[in-house]
Amino acid sequence: MEMFEEIKSFASTFFVTGDPLIYGADVAIVMTMLAIVFVLTYYKKWGWLWREWLTTVDHKKIGIMYLIASLLMLFRGGVDALLMRLQLAMPDVHFLHSEHYNAIFTTHGTIMILFMAMPMMFALFNIVVPLQIGARDVAYPFLNALSFWLFFFGAMLFNLSFVIGGSPDSGWLAYPPLSELSSSPGVGQNFYIWGIQISGIGSLATGINFLVTILKMRAPGMKLMQMPLFSWSVLSSCVMIIFAFPILTVTLALLFIDRFTGAHFFTLDGGGNPMMYVNLIWMWGHPEVYIVVIPAFGIYSEIVSTFSKKTIFGYKSMVFSMMIISVLSFFTWVHHFFTMGAGADVNTFFAISTMAIGIPTGVKVFNWLFTMFRGRIQMKQPMLWTLAFIPCFVVGGATGVMLAVAPADYQYHNSYFLIAHFHQVLIGGVVFGYLAGIYYWWPKMFGFKLDERLGKWGFWFWNIGFYVCFMPQYALGFMGMTRRVYTYGWDMGWAPLNFVSTVGAFLMGIGFIFQVWQIAYSIKHGERDLTGDPWNGRTLEWSIPSPAPLYNFAVLPQVNSMDAWWEKKQQMQQGEVKQEPVKLEPIHMPKNSAIPFVMSFFWFIAGFGFTFLWVWMAVAGLIGVGICLLVRSFQYDTDYYISVDEIRRTEKALGRAV
Amino acid sequence: MAQAHAAAHHDHPHDHHDQESLKIMGFWIFLVTDCILFASLFATYVVLRTHTAGGPAGHELFEVPGFVAETFILLTSSYTSGLATLAMHKGNTKALIGWLIVTALLGAAFIGLEISEFANMVHEGATIATSAFLSAFYTLVGTHGLHVSLGLVWMTAIMIQLARRGITPVTHRKVFTVTLYWHFLDVVWIFLFTVVYLMGVM
């Protein structure tokens, strides 16, 4: 009897209870899992799942898995957003408790940046970069799979807090002392630390992987200054990842040491300094926002050039702008807390460095405009999103410069003006960019285009919804509404604008539904891409079939100029290309491996153990990780050759003469 | 088909060479990230080193003979790992494994000294929870110690592989990276020695 009581009391703290919304979610999660298990078993797909996906080291498949995971996270983060907007739609609403609201704004922010934007970006890295630079894989395919699974299990650990133990609720960057044990005694904050920590190791490895891939594995003849701009943007982003992510690792580790051992890094007593956490986390956090936006700039550059039928205007200035931004990004972090009171000289430095970022960014905007100037513009979906991005990002950038004025920032700080600003650059810049990229490269991934008509409905709902949602928030900021308030009174006068803003958020939600519908519809009815070059593209990824064969290029292309594929097409039209007999050679490929999946699972076990402070479980997980590393170290038979016969068969089946 | 096979065999050493040099480059970049990791910890330590909150300060805790001995042992192990590399270049597997064993033993001695130093400090009541200074001290020095300990496991694994397979392009690369890592930890220690211990006792 006593044991029963103990189990009951354990279960009531272990599982999140008491809220009908969460019980509903519990049921939905269990049903979905049962459905997945049933479908896999009924169609006998377990082996297929294991062989083709869970153990794959193919960058194209890893990219697709990143994409699926990031879209699911977009859904979850989006539901969080809609719940918040419902709560704020009218004054004195008690749809959510204040604690629940805190948890939701925390998970919304963390998920959208770390578990939506990052994996969506890595999806495009994986799918596009090797094809675009004429490589057969990334530099370290095994490490690439490991990065994905670390991200995946980190994200799962973070999301688990929703039903087990309780969600983190001290804001998306978890400032102490609120995130310390004294103010957040629950396990939610530990979920936050370990979910991000585990996926962060994966992100760091991806940064190293793609930097080396781009530097060392370009097609013969491709000079750096002939490389497509998306690959340049990935290079810039990877440099930032390499310098920024170790700081995040340290920051979260120190916070955990505080919570786990009673240390005093960021506590109010014992000589700790909470503002040091804020400095450290933004030394990662500010580069982080450029890490996600720079690849979006790369995407826009590709799309503008392709759909204007012109070479990009100012290629070199584009490259320099991106690299300058990646350096400057490390010198602006203090603008997130001018109100800390570091003094006029420090604030001035960071105000000026922040404004300086506007210069290379402005250069890029003008280059996109000049590329379109006198171009033959085609209004396809990727181009639509690119065109929507430019005004949106310019307004977001301008309000950013307003925020950069340190004395004025004392007025805007943590108000809805700030909320509107960063959503405008993150949605208008990052999300629009990745969506544009997904529409653009979708045929390369799956071999068919996404339906234009449904896509346009989605596009307009998203765009109109965006402005309806966020323009009122600028005004609300000036009217004194601060971020993270969970309700407000009628006397504040914020009701009408908040209501409008909520309507806008739901319009964006409808846009997302149209996109889901669009994908489902296009799987059956989408226009098939039989040529491998559906947009009349300019870069190497369009020279091979869609989807690309396992080895990407039967023969590595020889590159002599920018826009290599476009050049080749021009020469072919003029009959300048002689059909040389190609000499096929066996292709060296990495073997699939279960280790990335298993090792990341052990990380998950360790993270779960640390979260609940069950040291035995954490140690068991870490030992599992160590064993996986050793097993890998002793493996020597890790790759194989694809024979010439098989290449010939594959190419013939894809309709290519070799 | 026969031709294809011949070509495949012909390509093997070439591919291997490329693969190994790629991995070495990746390892260099990993070391850059590890540098940033230590830099963040050093910055934290420098900010907090005076925050003793009424607890003991560095000059009351650090014992000169102890950290000087640690320094000499670790520096010597870096030298012996260099001798291991030289033996590898001469193709002498036995000497290579021998020097790696010496290196690992010195590393283990270093870790032993560090653990006893930590244990003594805890015994005197200077724990990680005593003050911000001590939190930063244990974390910074402990992270280095953890790196050395992992290096020991890694080095042992490579010694076994060397004993089984001799010096091949793959084991050659592995010895190269583990010694690179070892030298890196040595450099980090020199900064620890200076910033933590020397500046602590002065």
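Here goes a summary of the coordinates provided. Keep in mind the model is a prediction, meaning the values are calculated, not measured.

### With respect to the overall build of chain B
Line of reasoning, step 1. Counting its secondary structure elements, chain B contains 6 helices and 0 strands.
Line of reasoning, step 2. Secondary structure of chain B in N-to-C order comes out as α-α-α-α-α-α.
Line of reasoning, step 3. In terms of overall size, chain B is more extended than a compact globule, its C-alpha atoms giving a radius of gyration of 21 Å where 202 residues would be expected to give roughly 17 Å.
Line of reasoning, step 4. By principal-axis analysis of the C-alpha atoms, chain B measures approximately 80 × 30 × 25 Å.
Line of reasoning, step 5. Restricting to contacts in chain B with at least 6 residues of sequence separation, those with at least 24 account for 82%.
Line of reasoning, step 6. Element-wise, carbon and sulfur atoms account for 71% of the exposed surface of chain B, whose accessible area totals about 9,200 Å².
Line of reasoning, step 7. Of the charged side chains in chain B, 8 are positive and 12 negative, and the gap between their average positions amounts to 15 Å.

### Considering the interface of chain B and chain A
The figure often quoted for interface size is the accessible area lost as the parts come together.
Line of reasoning, step 1. On the side of chain A, 40 residues touch chain B, which itself brings 42 residues to the contact.
Line of reasoning, step 2. Inspection of the region where chain B meets chain A yields 9 residue pairs in polar contact (both at pLDDT 80 or more).
Line of reasoning, step 3. Looking at the side of chain B that touches chain A, the elements with two or more residues in it are α1 (2–48), α5 (132–165) and α6 (169–201) of chain B.
Line of reasoning, step 4. If you tally residues by element for the side of chain B that touches chain A, the top one is α1 of chain B, at 22 residues.
Line of reasoning, step 5. Looking at the side of chain B that touches chain A residue by residue, the classes come out as 23 nonpolar, 13 polar and 6 charged.

### Some thoughts on the nonpolar core
Line of reasoning, step 1. Core analysis: the largest hydrophobic core is formed by 236 residues, its most contacted members being Trp284, Trp368 and Tyr434 of chain A together with Phe137 of chain B.
Line of reasoning, step 2. Not counting chain neighbours up to four residues away, the residues in contact with Phe137 of chain B comprise Tyr45, Phe62, Glu117, Phe118, Met121, Gly142, Val196 and Tyr197 of chain B.

### Re the packing of aromatic side chains
The relative placement of two aromatic rings is captured by the distance of their centres and the angle of their planes.
Line of reasoning, step 1. Throughout the structure, instances matching the rule amount to 105 aromatic pairs over all chains.
Line of reasoning, step 2. The cationic tip of Arg632 of chain A hangs over the ring face of Phe142 of chain A; the distance from NZ or CZ to the ring centre is 3.7 Å.

### A few points about the side chain of Gln189 of chain A
Residue and element names in this part refer to chain A.
Line of reasoning, step 1. Among the secondary structure elements, Gln189 is positioned in helix α7 (residues 188–216).
Line of reasoning, step 2. Judged by relative accessible area, Gln189 falls into the buried class, the value being 3%.
Line of reasoning, step 3. There is a polar contact of 2.6 Å between the side chain of Gln189 and the side chain of Ser170.
Line of reasoning, step 4. Apart from the residues within four sequence positions on either side, Gln189 is in contact with Pro168, Ser170, Ala174, Ser179, Ser184, Leu255 and Arg259.

### Re a nonpolar patch on the surface
All names here are of chain A.
Line of reasoning, step 1. A contiguous nonpolar surface patch, about 580 Å² in accessible area, is contributed by Phe260, Leu613, Val615, Val619, Ile623, Ile627 and Val631.
Line of reasoning, step 2. Per-element tally for the nonpolar patch: the top contributor is helix α19 (residues 615–633), with 5 residues.
Line of reasoning, step 3. With respect to the helices and strands, Leu613 occurs in the loop between α18 (595–611) and α19.
Line of reasoning, step 4. Of the residues examined, Leu613 reaches a relative accessible area of 41% and is grouped as partly exposed.

Conventions we followed
- Residues numbered from 1 in each chain as written.
- Chains lettered and ligands numbered in written order.
- Predicted model: local features only at pLDDT ≥ 70, side-chain atom pairs only at ≥ 80, totals over all residues.
- Heavy atoms only, no water.
- Helix = DSSP H or I, 4+ residues; strand = E, 2+ residues; numbered from the N terminus.
- Rg over C-alpha atoms; globule rule 2.2 N^0.38 Å.
- Contact = heavy atoms within 4.5 Å.
- Areas by Shrake-Rupley, 256 points an atom, 1.4 Å probe, with all protein chains shown as cover.
- Lys, Arg positive; Asp, Glu negative; His and termini not counted.
- Charge placed at Lys NZ, Arg CZ, Asp CG, Glu CD.
- Polar contact = N/O pair within 3.5 Å; in protein donor to acceptor, adjacent residues only side chain to side chain.
- Nonpolar A, V, L, I, M, F, W, Y, C, P; charged D, E, K, R; others polar.
- Core = buried A, V, L, I, M, F, W, Y, C linked by side-chain atoms within 4.5 Å.
- Buried < 20%, exposed > 50% of the residue type's maximum accessible area, 1.4 Å probe, protein only.
- Phe/Tyr/Trp six-rings, centres within 6.5 Å; stacked < 30°, edge-to-face > 60°.
- Lys NZ or Arg CZ within 6 Å of the ring centre and 35° of its normal.
- Patch = residues over 30% accessible without salt bridge, like charges linked within 9 Å, V, L, I, M, F, W, Y side chains within 5 Å.
- Salt bridge = Lys/Arg side-chain N within 4 Å of Asp/Glu carboxyl O.

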